[in-house]
Amino acid sequence: MRKRILTLIGALLLGVSVIWAQTAQSPAASNQKYTCVMHPEVVTDHPGNCPKCGMTLVPKKETEKPHDIGAHEARRPAAPHAREMHDMTAMHTSMQSSVDIADPMSRESSGTSWVPDSTPMYGRMFMFGDDMLMLHGAIFPRYTNVSTDRGDDRIDAPNWIMGMYSHPFGENAQLGARLMMSLDPLTEQGRGYPLLFQSGETWHGNPLHDRQHPHDLFDELSLSYSQKFTRDLSAFLYLGYPGEPALGPPTFMHRLSAMDNPDAPLGHHWQDSTHATFGVITLGAVWRNVKIEASTFKGREPDENRYDFDAPKLDSFSGRISWNPTANLALQFSHGYIKSPEELEPDAKRHRTTASAIYNLPFGNDRNWSNSFVWGQNHDTGAGKTQSFLFETNYQRGRDTIYARWERVEKSGHELVLSAADEARIFPVSGYTIGYVRDLTHAHGIDIGVGGQFTINDMPDRLERYYGDGLPYSFEMFFRVRPSQMMHDMSAMQHGGEMAK
């Protein structure tokens with residue numbers, strides 16, 4: 001198995017090196033200027049690397065004009081905070097999404113979903129001429145202790161890594177590619193990690209309960225093509241094997257409000273569980289800040305073999321409308337028909353409806369507040385409708401981050417694998433989580449933080465016969481390793497050249 005993983009990683013590195021070789025360009029004429037996308041004040045007459053951040057310089061486009069600024073605003077001196085916020089916004093809009101050439105990169109999230117335009121980006125970006133490669137991800141080495149008769153304790157490390165690549169064809173067309181991988185099959189093993197009242201998928205032919213299943217080695221391998229027809233109108237085609245259909249909010253690990261929480265939400269299989277689907281085709285159209293999408297995809301969830309590619313089958317469909325009315329707000333509503341999602345119930349059919357609101361508020365000077373509200377409903381064959389509600393919040397100030405999550409999910413006795421007497425009953429269960437992370441290294445390429453979180457669960461009295469009569473709770477201590485925020489260098493430059501503390 002290790003040989004297979006090393007071979008895959010080797011192939012990925014070889015692919016990156018080939019892309020580098022193919023996209024390398026010869027020096028331009030002497031009148032061509034080069035600049036850094038992170039530090040636009042750096043301008044040279046020859047290609048090379050930025051002396052401030054080391055990124056590859058790109059050809060400077062002399063015809064570029066400021067976005068969305070009137071002439072009277074451009075002439076008026078701005079306050080330091082206003083200048084900072086404008087520069088940060090301008091940088092966000094100057095980088096394009098790998099899915100749709102008309103969208104800013106900061107709006108891009110999992111699959112084809114949107115987050116607010118003002119959302120900070122954590123990653124490393126590399127430019128090869130006009131081509132862009134973005135890398136980001138996270139790993140959480142941790143100790144978890146879960147109470148009750150169905151709890152467990154263990155040491156593990158949930159993780160993921162993602163690469164996004166884009167190649168423009170002139171000013172109005174673009175080819176995009178994305179790869180997302182996880183070593184969960186090694187760090188979480190087949191059963192996944194302990195998580196009270198979690199359900200979904202199988203292990204050794206039995207339904208999982210009170211554990212979060214591991215993700216596949218490959219969670220996304222997708223291509224997209226986008227075309228801009230006018231300044232306000234664009235369209236894209238997205239193909240994933242695996243990929244994510246237009247159903248639900250951005251997946252939890254790609255929502256900033258959840259990015260510091262190592263655990264999946266209890267409502268994962270009511271809200272965003274289709275993020276790793278082996279066979280997806282999505283067609284979308286964008287008018288200004290409104291997007292309409294339609295997808296066809298495979299309804300069956302990934303099987304227990306986390307290293308393979310499941311056979312594709314387009315037997316399900318979904319539609320989603322997204323709207324970013326302001327730079328700080330992203331709204332979506334979606335509905336989908338999912339055929340035979342569970343291996344143990346091949347004749348089951350599911351209708352899923354979701355709605356979400358994500359609000360992000362940047363304060364400048366290395367401070368940000370992100371919030372998400374998600375509602376999801378499953379209507380299963382013979383089981384009726386069940387609801388899920390989730391609210392997440394994450395406040396980051398310099399090296400310190402505090403976050404919280406509240407959720408309530410209606411789960412059947414069948415989902416929780418209870419006895420026959422309770423199998424058809426619906427049990428509302430809740431979770432209340434608060435956590436804190438302190439960065440040991442911050443804004444120097446890699447953020448390494450140490451943190452912990454505590455969760456209290458609420459359940460009906462009837463479940464005490466299965467979980468015990470004590471207070472259901474869990475706690476964990478972890479390290480969080482991820483790339484630094486891409487805006488830190490610019491913010492530091494505007495505050496005297498020192499990194500934000």
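The shown structure was predicted, so the numbers you read here are calculated from the model rather than taken from an experiment.

This part covers the overall build of the chain. Within the chain, the regular secondary structure consists of seven helices and 24 strands. When each of the 501 residues of the chain is scored for burial, the buried share is 53%. Surface accessibility of the chain: about 22100 Å² in total, with carbon and sulfur atoms responsible for 61%.

One pass over the full model with this rule turns up 27 salt bridges. Between Arg142 and Asp263 there is a salt bridge, and its shortest N-O distance comes to 2.8 Å. Separated by 121 residues along the polypeptide, Arg142 in strand β6 (residues 142–146) and Asp263 in the loop between β13 (233–240) and α5 (268–271) bring together distant segments of the chain. Each member of the pair, Arg142 as well as Asp263, is classed as buried. Between Arg154 and Asp156 there is a salt bridge, with its nearest N and O atoms 3.7 Å apart.

The next thing to look at is the nonpolar core. Counting 38 residues, the largest nonpolar core has Met105, Met125, Met134, Phe197, Leu463 and Tyr467 as its most contacted members. Those elements giving two or more residues to this core turn out to be β4 (124–128), β5 (131–139), β8 (159–168), β10 (193–203), β21 (400–412), β22 (426–441) and α6 (464–467). Not counting residues up to four positions away in its chain, the partners in contact with Phe197 are Asp210, Leu266, Lys411, Leu416, Val429, Asn457, Met459, Leu463 and Tyr467. Core analysis: the next-biggest nonpolar cluster, separate from the first, contains nine residues, Trp114, Phe236, Val280 and Val286 among them.

For the rest of this paragraph, the subject is the packing of aromatic side chains. All told, the structure shown has ten aromatic pairs when counted by the stated rule. Judged by centre distance (5.8 Å) and plane angle (70 degrees), the ring pair of Phe140 and Phe478 falls under edge-to-face. A residue pair is termed long-range when its members are at least 10 positions apart, and Phe140 in the loop between β5 and β6 and Phe478 in strand β24 (residues 473–483) qualify at 338 residues. Note on Phe140: relative accessible area 5%, which makes it buried. For Phe478, a relative accessible area of 2% translates into the label buried. These aromatic residues form a ring-pair network of at least three members: Phe218, Tyr241, Phe278 and Phe309. We note Arg150 situated over the ring of Tyr467; from NZ or CZ to the ring centre the distance is 5.1 Å.

Turning our eyes to something else, we now look at the side chain of Thr354. In this structure, Thr354 sits in strand β18 (residues 349–362). For Thr354, a relative accessible area of 0% gives the class buried. Engagement of the side chain of Thr354 in a polar contact is seen with the side chain of Gln332, the distance being 3.0 Å. Separated by 2.6 Å, the side chains of Thr354 and Ser334 make a polar contact. Those residues in contact with Thr354 that sit more than four places away from it in its chain are Gly248, Pro249, Trp270, Gln271, Gln332, Phe333, Ser334, Trp375 and Gly376.

Attention now goes to the pairing of strand β12 (residues 218–228). Of the strand pairs in this sheet, strand β9 (residues 173–181) and β12 are connected by nine bridges, and their pairing is antiparallel. Bridged to Met180 within β12 is Glu220. Here β12 pairs with β13 via seven bridges, running antiparallel. Considered in β13, the bridge of Tyr225 is made with Leu237.

Take the sheet that holds strand β3 (residues 58–59) next. Strand order in the open sheet formed by three strands is β2-β1-β3, and the pairing between neighbours is antiparallel. The open sheet is flanked by β2 (43–44) and β3, the only strands paired with a single partner. Relative to β2, strand β1 (residues 34–35) runs antiparallel, the two being bridged by two bridges. What sits directly across from Tyr34, in β2, is Thr44.

Turning next to the environment of Ser257. Within the fold, Ser257 resides in the loop between β13 and α5. Sequence-wise, Ser257 and Asn371 are 114 residues apart; in three dimensions their C-alpha atoms are separated by 5.4 Å. A distance of 2.7 Å separates polar atoms of two side chains, one belonging to Ser257 and the other to Ser372.

To continue, consider the environment of Gly151. On the secondary structure map, Gly151 appears in the loop between β6 and β7 (153–156). Measuring from C-alpha to C-alpha, the distance between Gly151 and Pro194 comes to 6.6 Å, with 43 residues separating the pair along the chain. Once residues lying within four places of it in the same chain are set aside, the contact partners of Gly151 are Val146 and Leu196.

What counts, and at which threshold
- Residues numbered from 1 in each chain as written.
- Predicted model: local features only at pLDDT ≥ 70, side-chain atom pairs only at ≥ 80, totals over all residues.
- Heavy atoms only, no water.
- Helix = DSSP H or I, 4+ residues; strand = E, 2+ residues; numbered from the N terminus.
- Buried < 20%, exposed > 50% of the residue type's maximum accessible area, 1.4 Å probe, protein only.
- Areas by Shrake-Rupley, 256 points an atom, 1.4 Å probe, with all protein chains shown as cover.
- Salt bridge = Lys/Arg side-chain N within 4 Å of Asp/Glu carboxyl O.
- Core = buried A, V, L, I, M, F, W, Y, C linked by side-chain atoms within 4.5 Å.
- Contact = heavy atoms within 4.5 Å.
- Phe/Tyr/Trp six-rings, centres within 6.5 Å; stacked < 30°, edge-to-face > 60°.
- Lys NZ or Arg CZ within 6 Å of the ring centre and 35° of its normal.
- Polar contact = N/O pair within 3.5 Å; in protein donor to acceptor, adjacent residues only side chain to side chain.
- Pairing = 2+ DSSP bridges.

Shape descriptors only; they carry no functional weight alone.
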